Protein chains: 2
Amino acid sequence: MDAAEFRRRGKEMVDYVADYLENIEKRQVYPDVEPGYLRSLIPEEAPEEAESYEDVVKDIERVIMPGVTHWHSPYFYAYFPTANSFPAMLADMLCGAIGCIGFSWAASPACTELETVMLDWLGKMLKLPDDFLAGTEGRGGGVIQGTASEATLIALLAARSKIIKLIQADHPNQSETDIIPKLVAYSSDQAHSSVERAGLIGGVRMKKISTDKKFSVRGEALKKVLEEDRAAGLIPFFFCATLGTTPSCAFDCITELGPICNAEKIWMHIDAAYAGSAFICPEFRPLLNGIEFADSFNFNPHKWLLVNFDCSAMWVKKRSDIIGAFKMEPLYLKHDHQESGLVTDYRHWQIPLGRRFRSLKLWFVFRMYGLKGLQAYIRKHVGLAKEFESLVRADQRFEISADVVMGLVCFRLKGSNELNETLLKRINGARKIHLVPCQLAGKFVLRFAVCARTTESRHVQEAWCHISHLASELLQELPH
Amino acid sequence: MDAAEFRRRGKEMVDYVADYLENIEKRQVYPDVEPGYLRSLIPEEAPEEAESYEDVVKDIERVIMPGVTHWHSPYFYAYFPTANSFPAMLADMLCGAIGCIGFSWAASPACTELETVMLDWLGKMLKLPDDFLAGTEGRGGGVIQGTASEATLIALLAARSKIIKLIQADHPNQSETDIIPKLVAYSSDQAHSSVERAGLIGGVRMKKISTDKKFSVRGEALKKVLEEDRAAGLIPFFFCATLGTTPSCAFDCITELGPICNAEKIWMHIDAAYAGSAFICPEFRPLLNGIEFADSFNFNPHKWLLVNFDCSAMWVKKRSDIIGAFKMEPLYLKHDHQESGLVTDYRHWQIPLGRRFRSLKLWFVFRMYGLKGLQAYIRKHVGLAKEFESLVRADQRFEISADVVMGLVCFRLKGSNELNETLLKRINGARKIHLVPCQLAGKFVLRFAVCARTTESRHVQEAWCHISHLASELLQELPH
């Protein structure tokens, strides 16, 4: 395919993409295929000779679309949202064309510098403390990670490296392998599975702190565990707070937890993967109070800020902490500007070496929506969740299982877990909408997350009618 | 921006991308900007109100392009290539529109299943042993990782988990923290910095094995270190072999190393990040002989197989090894088909949770080029490297520093390291072409890697004329 054919095919693809997104609600949100469906639809081996583009494109509807879960359908209410916007897609096209691998400043200065400045823009939108901004002389700064899982892992590894150095400064004859077995990290019992996984990868003990009735970690709970662990000779070094947990969008009480972590020299990382986007609205910003105590902070613009996956924004107060944990300098990666204070080599900030020019997406989205447009988008989703909450509350058969603060509603039929499991099975089986469950205080709960950019009140109303109807059917079948 | 405007702007962007790539050689390959150049070109904060698309697009040439290192310019000979092709870009547009987050089969069955089948296609193109293929009943299979760094880390962590379980089976009272300090992993002293970094992250000792005159690890060298380490009470558990090292594209002797690793129950991972693509050509496939001894294998189609970054292909012989190391099953990620043998939940195979629909790129590229087209592409690059090698060899002032096997030529002026450092500085300073150095056996060496898809003989000839001219100037300045 030469450039001339790309011009033609690219424009066709733009229309296909626009058609797909304009008409997505006509497609069944969750597919009917059975595991293994795809293999029989295509050859067993790659073709020897080139095929025509027409042949490939025909297969999108034949092979791919029947097996797609349509995350951008306004009938998709599962997991958390993943962002999708036209400006971000345009930026991604440009990113693909430039195709630089920005592991160092020299590998493409624009790639590195736009990222640093965009993370400053975003940090200011969130009113992060200045410590987290790079500016021209800051000691902190931001970076785009692929996912929140990687941000948590990077924070944990940086904290591990920092505590080891700290202990070795006082006890030079203690080796890493003497220290690591004593280290202990903490998170909420509501924290995402990726936090526990970060502990596994880093080879450190990870303990879960019990949450209160609102599924939040409180200062007292952490304090108690810390005292026990110190008494047992363990070394607490890392606490991952969650703002907006995956099960119920609960918020750990960082104004209580932060001072404890600071006093105990425990690295506090804040994972606000989903909820973080909302902090650009003044009315939600108080939920981030306590950020001043954190060492690192992360949220995913690729969830709720209209920036296509992947784009997970992470900030640290001291970039030297994160760089110090991983720095490797082979000759083939050195460059002339290495030692200058203005230069950032992002490869030291992340697990992979290579990286795409993802800040273009932030730049396009921030400018094409403006701060006000982004705030309006967040508010619309929260409004839709509140609307759904009212519908649930108006129906005596149902209960709300957790405070509705953002775009997530946790609800269930009053009654047994089995009843709710059956209801969910029927909802997903009907294929009209798609939800996933969670477990809260031993109860099986349905999660209704407002996800798609194009979800409107009529979709939420329709979803509720559907759920309510299925619930009626189910309840009628029960013996009285 | 609504769908109608996206149709218009998307088509303009397609033309911009085509223009950029068609005319890329008119742009200076390496930018002139100084660190910090970008910040002053744009506002300090995101706009409150939305801006027009025209304003954003104008800034691409004003703000971004002056700071871009043009990796796809035929004058770019630095690092290793990063792939870029029109079919891959079209697939990426589709991937962005679908925008699913394929962490589990249910999160988008097509995303998971196309990946499994494409990795089988690719495995067959490389003539991998059947053990590595998923098929319908295989115990192995492939996965797309973001980068080779992640593949190495995943392999090391899986090996760590496996050896711990193995030891604990015999010694149930040994804890992880008893075992990890005794573990030792190995790689070539020529291995990529990411291998050492994987050891750091995994908290295990990592030793470098000396290489022979051709910069290859040989069986004897590994054997010797293993004996010493076993005698010292250490537990060897992981060896990362490199096929196509970053400094000089050297090949570890896996036919010697593999049987040793197998006999010693050491996990052998093969990192062929760059060179792996060439194994689709029968004449290069013998370099992969010994793969049958490996537990895991990885290479980057995003380097040399015309699939835009990121797309790093990894295969394992026993998927249970890799899944067992990381599996976490919170309720919100469970789905009905969880337990079926045909279902793959790729989140257990990787560090991040989320993942894009990257197999679309493989599918488009394999079909639009065909195996023959891809082989021709590899052969063309190797031919260009051989052409450059001949030019160097014909000039008595220069020497070739390592065998030229693929698209990389390591060369230097006969003389001191300082002389060669100055030559490289002048080459990069002149901004006509871009190279990076490496160190081989204490010598400062220039690397000439054929990178761009559009590099032709005339570019190589031009590059050599330029280098030769700068060398003449430099040598004339020296006192005799």
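Not measured: the values here are computed from a predicted model. (Residues numbered from 1 in each chain as written. Chains lettered and ligands numbered in written order. Predicted model: local features only at pLDDT ≥ 70, side-chain atom pairs only at ≥ 80, totals over all residues. Heavy atoms only, no water.)

> So what's going on with the overall build of chain A? Which residues, and what values?
A tally of regular secondary structure across chain A gives 14 helices and eleven strands. The C-alpha radius of gyration computed for chain A amounts to 24 Å, which stays within 12% of the reference 23 Å derived for 480 residues, consistent with globular compactness. Reported as C-alpha extents along the three principal axes, the dimensions of chain A are approximately 70 × 65 × 45 Å. For chain A, with 480 residues in total, the buried portion stands at 67%. Taking as baseline every contact in chain A between residues at least 6 positions apart, the subset at least 24 positions apart corresponds to 73%. When the accessible surface of chain A is split by element, carbon and sulfur atoms take 52% of a total near 16000 Å². Of note, chain A has its 56 positive side-chain charges centred 4 Å away from the centre of its 60 negative side-chain charges. (Helix = DSSP H or I, 4+ residues; strand = E, 2+ residues; numbered from the N terminus. Rg over C-alpha atoms; globule rule 2.2 N^0.38 Å. Buried < 20%, exposed > 50% of the residue type's maximum accessible area, 1.4 Å probe, protein only. Contact = heavy atoms within 4.5 Å. Areas by Shrake-Rupley, 256 points an atom, 1.4 Å probe, with all protein chains shown as cover. Lys, Arg positive; Asp, Glu negative; His and termini not counted. Charge placed at Lys NZ, Arg CZ, Asp CG, Glu CD.)

> Give me the sheet that holds strand β6 (residues 296-299) of chain A: which residues, what numbers.
Residue and element names in this part refer to chain A. Ordered by their spatial adjacency, seven strands build an open sheet running β1-β7-β6-β5-β4-β2-β3, and the pairing between neighbours is mixed. The open sheet has two edge strands with one neighbour each: β1 (141-145) and β3 (205-209). Averaged over all pairs of adjacent strands, the angle between strand axes in this sheet comes to 20 degrees, irrespective of strand direction. Strand direction decides the pairing type here: strand β2 (residues 183-188) and strand β4 (residues 235-242), joined by five bridges, are parallel. Following the sheet pairing, Ala185 is matched in β4 by Phe238. Packing of helix α4 (residues 109-125) onto the sheet brings it into contact with β1, β6 and β7 (312-316), and relative to β7 it is tilted by some 85 degrees. (Pairing = 2+ DSSP bridges. Axes fitted to C-alpha atoms, helices over the stretch in contact; angles between N-to-C directions.)

> Which residues make up the pairing of β7 of chain A, and what values do they have?
All names here are of chain A. Summarising burial for β7: five of the five residues are buried, a large majority. Side chains of β7 alternate between two faces, with Ser312, Met314 and Val316 and Ala313 and Trp315 buried alike. Inspection of the sheet shows β1 paired to β7 by five bridges, in the antiparallel sense. Note on β7: the bridge partner recorded for Gly141 is Val316. Direction of pairing for β6 relative to β7: antiparallel, over a ladder of four bridges.

> Talk me through the pairing of β3 of chain A; I want residue IDs and the actual numbers.
Residue and element names in this part refer to chain A. Direction of pairing for β2 relative to β3: parallel, over a ladder of five bridges. Considered in β3, the bridge of Ser188 is made with Ile209. What joins β2 to β3 is helix α7 (residues 193-202), and the crossover it makes is right-handed. (Right-handed = clockwise from strand over helix to strand, strands pointing away.)

> Lay out the environment of Pro129 of chain A in plain terms, naming residues and giving numbers.
Within the fold, Pro129 of chain A resides in the loop between α4 and β1. On a C-alpha basis, the gap between Pro129 of chain A and Val307 of chain A in space is 23 Å, while along the polypeptide they are 178 residues apart.

> Kindly report on the pattern of salt bridges, identifying the contributing residues and their values.
A complete count under the given rule lists 74 salt bridges over all chains for this structure. Note that Asp55 of chain A is salt-bridged to Lys58 of chain A, the shortest N-O span being 3.3 Å. With Asp55 of chain A and Lys58 of chain A both in helix α2 (residues 53-64), this residue pair falls three residues apart, about one helical turn. Residue Asp55 of chain A is classed as partly exposed on the basis of its relative accessible area of 30%. Since its relative accessible area comes to 55%, Lys58 of chain A is described here as exposed. By sharing partners, the salt bridges in this structure join Asp310, Arg356 and Arg358 of chain A together with Asp310, Arg356 and Arg358 of chain B into a single network. (Salt bridge = Lys/Arg side-chain N within 4 Å of Asp/Glu carboxyl O.)

> I'd like a rundown of helix α12 (residues 359-393) of chain A, residues and numbers included.
The first and last C-alpha atoms of α12 of chain A sit only 42 Å apart over 35 residues, clearly below the 51 Å expected at 1.5 Å per residue. By the largest-angle criterion, Gly370 of chain A marks the main kink of α12 of chain A, which is about 85 degrees. (Expected span 1.5 Å × (residues − 1). Bend = angle between axes of the 7 residues up to and from the residue.)

> Give a detailed account of unusual backbone geometry, specifying residues and quantitative values.
In this chain, Phe309 of chain A is followed by Asp310 of chain A through a cis amide linkage whose omega measures 0 degrees. In this structure, Asp310 of chain A sits in the loop between α10 (301-304) and β7. Located in the positive-phi region is Arg431 of chain A, a residue other than glycine, with phi close to 70 degrees. Among the secondary structure elements, Arg431 of chain A is positioned in the loop between α13 (417-430) and β10 (436-440). One non-glycine residue, Tyr79 of chain B, lies in the positive phi region at around 50 degrees.

> Tell me about the environment of Leu243 of chain A, and please be specific about residues and values.
For Leu243 of chain A, the position within the fold is in the loop between β4 and α9 (254-263). Apart from residues no more than four positions distant in its own chain, Leu243 of chain A is found in contact with Ala250, Phe251, Asp252, Ile254, Ile270, Asp271, Ala272, Ala275, Phe279, Leu287 and Leu288 of chain A.

> Describe the interface of chain A and chain B, with residues and values.
The interface is formed by 146 residues belonging to chain A together with 146 residues belonging to chain B. Both sides of the chain A and chain B interface together cover about 12900 Å² of buried area, and 67% of this is carbon and sulfur. It is Arg39, Tyr332 and Arg367 of chain A in chain A that bury the most area against chain B; as a group they hold 7% of the surface buried on that side. Taken together, the links from chain A to chain B amount to 18 salt bridges. Salt-bridge contacts for Asp15 of chain A lead to Arg7 of chain B; the nearest nitrogen and oxygen are separated by 3.0 Å. Linking chain A with chain B are 64 residue pairs in polar contact (both at pLDDT 80 or more). By residue number, the principal contributor to the side of chain A that touches chain B is helix α1 (residues 3-22) of chain A, which donates 16 residues. For the side of chain A that touches chain B, the class distribution of residues is 84 nonpolar, 31 polar and 31 charged. (Buried area = accessible area lost by both parts, 1.4 Å probe. Polar contact = N/O pair within 3.5 Å; in protein donor to acceptor, adjacent residues only side chain to side chain. Nonpolar A, V, L, I, M, F, W, Y, C, P; charged D, E, K, R; others polar.)

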